[in-house]
Amino acid sequence: MAARSRSPFMQAVRGMSVSGWIGFSILILFTLLALLGPLLAPYSPTAQDLDGAFQAPSAAHWLGTDEQGTDLLSMLLHGARIAAIISGSVIAINVVVGVSLGVIAGALGGWVEELIMRVIDVLLAFPGLLLNLAIVAVVKKPGVGHLVFALCINGWVGYARMARGQVLALRNREFVEAARSIGVSRLGIMRRHLLPNITSPIIVQATLGFANVILIESALSFLGFGAQMPYSWGALLDQGQTYLWLSTRYVLAPGIAIAVVVLGFNLLGDGLRDRLDPKRQNS
Amino acid sequence: MLVFLLIHVIPGDPVDNLLGEHATAEDRAKMRECMGLDLGMADQFGRFLGGITDGTLGRICPSKRVTVTSLIARAFPRTLELAFAGMAMALLMALPLGIAAALRRGSGLDAGAMGLSLVGLSVPYMVLGPVLIMVFYVKLGWLPGPADPPSARGALVLPAFALGLHLMAILSRMTRSSMLDVLGEDYMRTARAKGLTPTTVIVKHGLRNALIPIITIVGIQFGGVLSGAILIEKIFARPGMGTLLIDAISERNYPVIQGCVLCIAVTYVLVNLLVDIAYGLVDPRIRVN
């Protein structure tokens, strides 16, 4: 009974390959840093010391300092929390909105499906970053909320398409017919019979989606349209690029942080997909 | 319409951004009239549509001599050149890598190729670009960098490589899995049994059948490549649509933003149409159906 009550995510994690486990460990570390980072940071991420600009790594400043003498490690640790808050909220909203609309479109069909699919077509006509950019540019000084909104505007589309596809494959299966014949409501069929059967691909897509959100968020900050916080990872990259001639460390520190976290999500996503997709298990 | 609506809810005043805060009230009023900001939303939308039909996409105030189309005509070829060079580089790296990984499945080569593609997927353009600049331009001095003119010989190599690596990562994974599916097919065994050379079997019978999903991914990823080109242009200080668009957003220059977004979206849709046509060329069965 204990094994049965475990979530599909944890069941899949337990049987993953070594690379999947490496990804999972990176993400545990990232989550811990996002939670505890501001407590662990040795200095304030905004404290300036103009005499100590561009210091090399030392016992006092493990990763050195930036052009204003601010400790790079402290900024990175505070930035981890911003990255986690933004990517976590974006994925949560995208999954809920996308999967709900996808299941509704697939299960109800007719004009509802037609409407949802046409909205998706319109959103897909724009390259992702361009649409995000246009929306963040709507606000003069975007905050975390604006950025989350911009990343959600087209982020749900992939989940909706996938959920609809899965539901289309399931909606005429015997167990759905059986539920319908004993008078289970449409909502009941969607919630109790269709949704539980499509969780595996959603988990995989959400895991890989995290990596994408972190990349797009840092790209927007890099272009100067991110949440206006000087210590978000993308903003640090932007600043680092300006002073590339003086210090490569300034670009490499946030760059490696982003790459490692994205790699972690990709490894975990691949590991989960190999576990959860029966077709891949057999091949 | 979506482009128009999105841009017109930007709260900043374009006149402030274009003329600066010290402009006289008279200059402001003139600029406002020139840009059509004194009109209602419906009339402004009409002007926007008018710009599309007469092919100018609007004119730049106050002189009105420069059209948005002429700005885009100067910037867009540079971006397209970068995007196609990036895609070509990605395909040149991904196809051999993916095929080799599929043929030697489970070997060190397979693990290395897939490891490389995971790294390519994870390293953002904003990190790869500066690293390439530091190594090949500053330290080794082998290739031109941001301080050289974009027309310099070899100026496209570093930006195209930085842009292509991410796509290469996606395509090599796709090529590998697509080739693995094809390698087990009966017609591959028949081709081998007929005594064809391994290269002919793999390229003519294997790759051609494995290409459909690869082409699909190229089409889907073209949007990502265009978005990436915007970032790469900033990193390598290249003129192009990215630079034009970002400057226009900062200035709240409506006609230019609308023109750029429209132009990129139309190109994206056109490339996906070309992808559909390419299916038929690669696989005649699709044309028949």
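On a predicted model such as this, the values are computed, not experimentally measured, just so you know.

Criteria and thresholds
- Residues numbered from 1 in each chain as written.
- Chains lettered and ligands numbered in written order.
- Predicted model: local features only at pLDDT ≥ 70, side-chain atom pairs only at ≥ 80, totals over all residues.
- Heavy atoms only, no water.
- Helix = DSSP H or I, 4+ residues; strand = E, 2+ residues; numbered from the N terminus.
- Buried < 20%, exposed > 50% of the residue type's maximum accessible area, 1.4 Å probe, protein only.
- Phe/Tyr/Trp six-rings, centres within 6.5 Å; stacked < 30°, edge-to-face > 60°.
- Lys NZ or Arg CZ within 6 Å of the ring centre and 35° of its normal.
- Contact = heavy atoms within 4.5 Å.
- Buried area = accessible area lost by both parts, 1.4 Å probe.
- Salt bridge = Lys/Arg side-chain N within 4 Å of Asp/Glu carboxyl O.
- Polar contact = N/O pair within 3.5 Å; in protein donor to acceptor, adjacent residues only side chain to side chain.

## Section: unusual backbone geometry
- With phi around 50°, Ala237 of chain B is a residue other than glycine that occupies positive phi space.
- Among the structural elements, Ala237 of chain B can be located in the loop between helix H10 (198–235) and helix H11 (241–251).

## Some remarks on the environment of Leu97 of chain B
Residues and elements named next belong to chain B.
- With respect to the secondary-structure elements, Leu97 resides in helix H5 (residues 68–103).
- On the basis of relative accessible area, Leu97 is assigned to the partly exposed category, the value being 24%.
- Counting along the chain gives 19 residues from Leu97 to Leu116, while the straight-line C-alpha distance between them is 9.7 Å.

## Examining the packing of aromatic side chains
- If you walk through the whole model with that rule in mind, you get seven aromatic pairs over all chains.
- On the numbers, 5.6 Å between centres and 85° between planes, the contact of Trp21 of chain A with Phe24 of chain A is edge-to-face. A residue pair is termed a helical-turn pair when its members lie 3 or 4 positions apart in one helix, as Trp21 of chain A and Phe24 of chain A do in helix H3 (residues 18–40) at three residues.
- What links up through ring pairs into an aromatic cluster is the set Phe30, Phe210, Trp233 and Phe265 of chain A.
- Stacked on the ring of Phe222 of chain A, the Lys or Arg Lys234 of chain B has its end atom at 4.6 Å from the ring centre.

## Brief notes about the interface of chain B and chain A
- Between chain B and chain A, the residue contacts involve 40 residues of the former and 40 residues of the latter.
- Overall, the association of chain B and chain A removes approximately 3300 Å² of surface from exposure, summing both partners, and the carbon and sulfur fraction of that is 78%.
- Counting across the chain B and chain A interface gives two salt bridges.
- With a shortest N-O distance of 2.9 Å, Lys234 of chain B and Asp238 of chain A are connected by a salt bridge.
- The interface formed by chain B and chain A includes six residue pairs in polar contact (both at pLDDT 80 or more).
- Listed by contribution, the elements that provide at least two residues to the side of chain B that touches chain A are helix H1 (2–8), helix H6 (108–122), helix H7 (125–139), helix H8 (157–183), H10, H11 and helix H12 (254–282) of chain B.

## Side note on the side chain of Ser218 of chain A
- Looking at the secondary structure, you find Ser218 of chain A in helix H11 (residues 199–222).
- Given the relative accessible area of 1%, Ser218 of chain A is considered buried.
- Once residues lying within four places of it in the same chain are set aside, the contact partners of Ser218 of chain A are Gly234 and Ile258 of chain A together with Met126 of chain B.

Read these as geometric descriptors, not functional statements.
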